[in-house]
Amino acid sequence: MTAPAIEARGLRKTFRSGSRTVAALDDVSLTLAPGETLAVVGASGSGKTTLARALMRLFDLDGGSVSLRGRDLLALSGAALRAERRHLQMVFQDPAAALNPRATIGRVIEDPLRVHSIVPASRRRDAVSGLLARVGLPADLADRPVHALSGGQRQRVAIARAMATQPAVLVLDEPVSALDVSVRGQILNLLMDLQREDGIAYLFISHDMGVVRAVADRVAVMAAGRIVEAGHTATVFASPQAAETRALLDAVPHLPPRPADEVSR
Ligand SMILES: Nc1ncnc2c1ncn2[C@@H]1O[C@H](COP(=O)(O)OP(=O)(O)OP(=O)(O)O)[C@@H](O)[C@H]1O
Ligand SMILES: [Mg+2]
């Protein structure tokens, strides 16, 4: 049996500010198979971003374990950790904040190629052109600064940068929420195409249940730092069990039935 792309067990993280403590992650476990999309949904403050940051090892956990492609990520350090890190990348909600606006687009995409020695220096320029093409941008953008781009184009650059290391897992924290409604569908289609081509597993954090239904194989619902419901997307949407799941679905103004739903009636 192939190892999961990523597996987290019993993640715990408590934040303290003054006398207040928040259990942002309270015994969270999940498994993501290669090429699969798991959506993580939940109200604001339920712990979704903390979960993403925990998987990325952006802070120290209070407990739990994370394995990437069968390797215990928390046991690694130094060069071994950096080497394994190339298989796990993240795309943030706001591409304007995530990318240095004065850097050239070529530089932004080239950085991970250099850091992880993905291609020799002499071939980096070609590799950048290839990555730009994969995200639907012209090669001559490489010399332009990030600030010359629209929000949708910036998110394409952020995706190209994340794809540069050929990751097994991409953590996407609300990747289209900050974008104009008119470009959201294009970016989602791009992500689905890249996943089909490369077999990347997506941990897809979203507020938008319509988007989740369109892209996710499975859904995990978070509330107060816990996963309160998890299952296949069609099952969770058809018969939500947790009150928090029903509340999220009730907040969707209009959800037309899918053709498959109509046939089964
Ligand atoms: N660095 C931090 N210091 C203190 N508290 C934090 C920190 N990061 C997150 N929290 C708290 O942890 C809880 C979970 O926050 P988190 O950002 O993970 O929620 P979220 O589900 O991503 O919310 P949103 O949908 O608004 O993005 C919240 O109560 C938040 O205030
Ligand atoms: Mg968040």
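Residues numbered from 1 in each chain as written. Chains lettered and ligands numbered in written order. Predicted model: local features only at pLDDT ≥ 70, side-chain atom pairs only at ≥ 80, totals over all residues. Heavy atoms only, no water.

1. Looking at the domain arrangement of the protein chain
So, step 1. By domain assignment, the protein chain separates into domain 1 (1-87 + 169-176 + 199-265) and domain 2 (90-166).
So, step 2. Relative placement of domain 1 and domain 2: their C-alpha centres are 26 Å apart.
So, step 3. Buried surface at the junction of domain 1 and domain 2, summed over both partners, amounts to about 1,100 Å²; 61% is from carbon and sulfur atoms.
So, step 4. Among the residues of domain 1 in contact with domain 2, R86, L170 and D173 are the three that bury the most area, contributing 46% of the side total.
So, step 5. At the junction of domain 1 and domain 2, the tally comes to zero salt bridges.
So, step 6. There are six residue pairs in polar contact (both at pLDDT 80 or more) connecting domain 1 and domain 2.
So, step 7. The element contributing the most residues to the side of domain 1 that touches domain 2 is strand β7 (residues 169-173), with four residues.
So, step 8. Grouping the amino acids of the side of domain 1 that touches domain 2 by side-chain chemistry returns seven nonpolar, one polar and four charged. (Domains from an automatic or database assignment. Buried area = accessible area lost by both parts, 1.4 Å probe. Salt bridge = Lys/Arg side-chain N within 4 Å of Asp/Glu carboxyl O. Polar contact = N/O pair within 3.5 Å; in protein donor to acceptor, adjacent residues only side chain to side chain. Helix = DSSP H or I, 4+ residues; strand = E, 2+ residues; numbered from the N terminus. Nonpolar A, V, L, I, M, F, W, Y, C, P; charged D, E, K, R; others polar.)

2. A few points about the environment of V135
So, step 1. One can find V135 in the loop between α5 (124-134) and α6 (151-163).
So, step 2. You can call V135 buried: its relative accessible area is 2%.
So, step 3. Distance in space between the C-alpha atoms of V135 and L190 is 6.8 Å, their sequence separation being 55 residues.
So, step 4. Excluding its chain neighbours within four sequence positions, the residues that come into contact with V135 are R156, I159, A160, L190 and L194. (Buried < 20%, exposed > 50% of the residue type's maximum accessible area, 1.4 Å probe, protein only. Contact = heavy atoms within 4.5 Å.)

3. A few points about the packing of aromatic side chains
So, step 1. Under the definition given, this model contains one aromatic pair.
So, step 2. Measuring from ring centre to ring centre gives 6.1 Å for F15 and F59, while their planes differ by 70 degrees; the resulting arrangement is edge-to-face. Note that F15 is positioned in strand β1 (residues 6-17) and F59 in the loop between α1 (48-55) and β4 (63-68), a separation of 44 residues in sequence.
So, step 3. Residue class for F15 comes out partly exposed when judged on its relative accessible area of 37%. (Phe/Tyr/Trp six-rings, centres within 6.5 Å; stacked < 30°, edge-to-face > 60°.)

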